[in-house]
Amino acid sequence: MKTSLILIDAIQEMPGSFAMVRKDLSVVSHSKEWDVDLISTFAGTEERDADLRYRFEKAFQNTINGENSYVIQDLPERQTRFKYKLSRISTEPVLLIIQQVLLTRPKDYRKEMLLLETNKVAEIGYWEYTIKTGNIFWSEVTRAIHRVPPDFMPNLENSLSYYKEGESRARMVEAVEKCIETGEPYDKDFTVITYSGEEIYVNARGKAEFEDGKCVRLLGTFQDITERVARDVQLKKSEEQFRLAFEYSPIGFLILDVEDLRILRSNDAFNTLMCYSEMKIIGKKLTDFFIPEEADLYYLKFQQLLDGSLTSIESECCFSNKQGKKLLCSIFASVIYGRFNKPKEIIVQIQDVTELKKKNEEVNRFVEVTTKQNKRLLNFAHIVSHNLRSHASNIAMLLGFLKVEDNIEERNAQFDMLHRASKMLSETIDHLNEVVSVDIDARQRKQVSLNHYIANTENALKGFLVDSNFTIYNNVPNDFQVCVIPAYLESILLNLFSNAIKYRDPAKKSWLQIKAEKKLGHSVIYVSDNGLGIDMERYGTRIFGLYKTFHDHSEARGLGLYMTQSQIQAMGGSIDVMSKVDEGTTFIIKLYEKN
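Residues numbered from 1 in each chain as written. Predicted model: local features only at pLDDT ≥ 70, side-chain atom pairs only at ≥ 80, totals over all residues. Heavy atoms only, no water.

In this structure, the amide linkage connecting Glu92 to the following residue, Pro93, adopts the cis form with an omega of -5 degrees. Phi at Leu25 is positive, roughly 70 degrees, even though this residue is not glycine. Located in the positive-phi region is Asp582, a residue other than glycine, with phi close to 70 degrees. Its location among the elements puts Asp582 in the loop between β21 (574-580) and β22 (584-592). (Helix = DSSP H or I, 4+ residues; strand = E, 2+ residues; numbered from the N terminus.)

Dropping the structure here:
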């Protein structure tokens, strides 16, 4: 106790930063240079000091137990680093000396921070193991590679436990022991099982520091090389696959010298195609096999490939084999690069497509004719089944209103609606005649008034609109023109309007809004409603699928949106949809302004 009293007085006059504290961290005495706020940092609750406080508490407890300890504190804002040395001077009562030592000044700190940031960018961690205390330090990158939580404290035992049991762990234990005993450094690759259970590959390097002939410290680097190992494995796999493909492929393969396009290797498929043995082909120039009128052209293309003007050669050309037979071939060539990104070799694929080309031309002609016929038949069937049914239902509903209406003015208005519905039916029948009598394509579009067709659609659905108390807001400019196939525009509007009525929300006052604008050479039409909406996460990829329905409705067939998209695409346009359940749906139609 007498010694402690002497120290209490002595510490107050000591040069440097010292403090004597009790077990509860209350300060007994401190030097003039001691920062009185430090103890509040070590014992406080500030979140930013949590890591320092955790490390200090562990070191403090070790010191109480009789082991000298230390803690490192980084202060990036001041570009300094301090070390706090802790020593126990008495047990009854427990008294500790804390000494603050300035480790790194601003100039050196900046260099250390630059090295630290460089390691982070390179994703290389570092570590340090002090043998006397058993303390292990892991850098931020090292901790991230191990996937450990923030409060994890490494020691020799748990550090080694991350190395996969068996060969990897045994090699690491051996490397560490040899490094400590003989000073032999190590640089090896290992398999590690991270804290989260993930198997990764790492490169671990270590070296020893000796004092008085005895190892006092190990330090080194730690790097995740999983991607590199995967690339190496994939490269070996790719090389083997390439070898098999080269040797056994039915397609001709060549490897050319970059200097003069001489053939270095050729496979059996190319040798057979050219009617030569491999021995006779090796050393020839590829341009020797082109027909004369194409040889110079392809020589130029290969030079452009080598100087980087072309990334690859992909085309059809004519070759002449040993027997003088002219062959139409597809050719694909690319460069294999070596060190310093210099062209090393050229790899070429050559396939005889003479007969295939003839067959494809025949098939394409047949498919083109059949596709056009099928589209016409589908559109015809759709307009008959959907559009005529809509007109018939509308007329039947209007007749039902007329039958029970006694008011003369209302009856006259309903007769007018019937007249317009009848006219619309006649127009639809005329359009049907167009569909079946003309081979419709995008070039036969006409400039028409969008408002005219919106009005026609409203008339065609007048009975449904009145019966369901449904409102249409037309915000399309009066003079807005669209370039369309009239029969398709009529069908598209009828589909979208009738769907909005069919899938309205009975709990709301239902409406549909249509607007349009000219944008970047397109006519863009927006059709929005406040109906039931569509679950896009569930049905988003199937909105325009054939026979796809999204609501439990007795009249849902899953044909309308499919045909709508088909008709828009037939005119060279596109349709997109945005929707939210219980909020409504917006369809966005893009059509070219002109043919």
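With that out of the way, let us pick up the sheet that holds strand β8 (residues 186-193). Strands sit in the order β7-β6-β10-β9-β8 across an open sheet of five strands; the sheet is antiparallel. In this open sheet, the two strands that pair with only one neighbour each are β7 (136-138) and β8. Looking at each pair of strands side by side, their axes are set apart by 25 degrees on average, direction ignored. Taken together, the eight bridges between β8 and strand β9 (residues 199-211) define a ladder with antiparallel strand orientation. The residue bridging Phe190 from the neighbouring strand is Val202, located in β9. (Pairing = 2+ DSSP bridges. Axes fitted to C-alpha atoms, helices over the stretch in contact; angles between N-to-C directions.)

Of all hydrophobic cores here, the largest spans 41 residues; its most connected members are Leu450, Phe497, Ile514 and Ile525. With 10 residues, helix α16 (residues 486-502) is the single largest residue contributor to this core. When sequence neighbours within four positions are dropped, the list of residues in contact with Ile525 reads Leu450, Val482, Ile514, Lys515, Ala516, Phe587, Ile588, Ile589 and Leu591. (Core = buried A, V, L, I, M, F, W, Y, C linked by side-chain atoms within 4.5 Å. Buried < 20%, exposed > 50% of the residue type's maximum accessible area, 1.4 Å probe, protein only. Contact = heavy atoms within 4.5 Å.)

Below, the discussion takes up the sheet that holds strand β20 (residues 522-529). Sheet strands line up and pair through hydrogen bonds in the backbone, either parallel or antiparallel. Judged by pairing direction, the sheet is mixed, and its five strands sit side by side in the order β17-β19-β20-β22-β21 without closing on themselves. Each edge of the open sheet is held by one strand with a lone partner, namely β17 (471-474) and β21. Mean inter-strand twist for the sheet, computed between neighbouring axes without regard to direction, equals 15 degrees. In the sheet, strand β19 (residues 511-519) pairs with β20 via eight bridges, with the strands oriented antiparallel. Opposite Ile514, over in β20, you have Val527 as the bridge partner. Packing against the sheet, helix α14 (residues 450-460) makes contact with β17, β19 and β20, and its axis sits at approximately 175 degrees to β17.

Time to look at helix α18 (residues 560-570). Taken together, the buried positions of α18 are occupied by Gly560, Leu561, Met563, Thr564, Gln565, Gln567 and Ile568. Residue Gly572 follows α18 closely and has a positive phi angle near 80 degrees.

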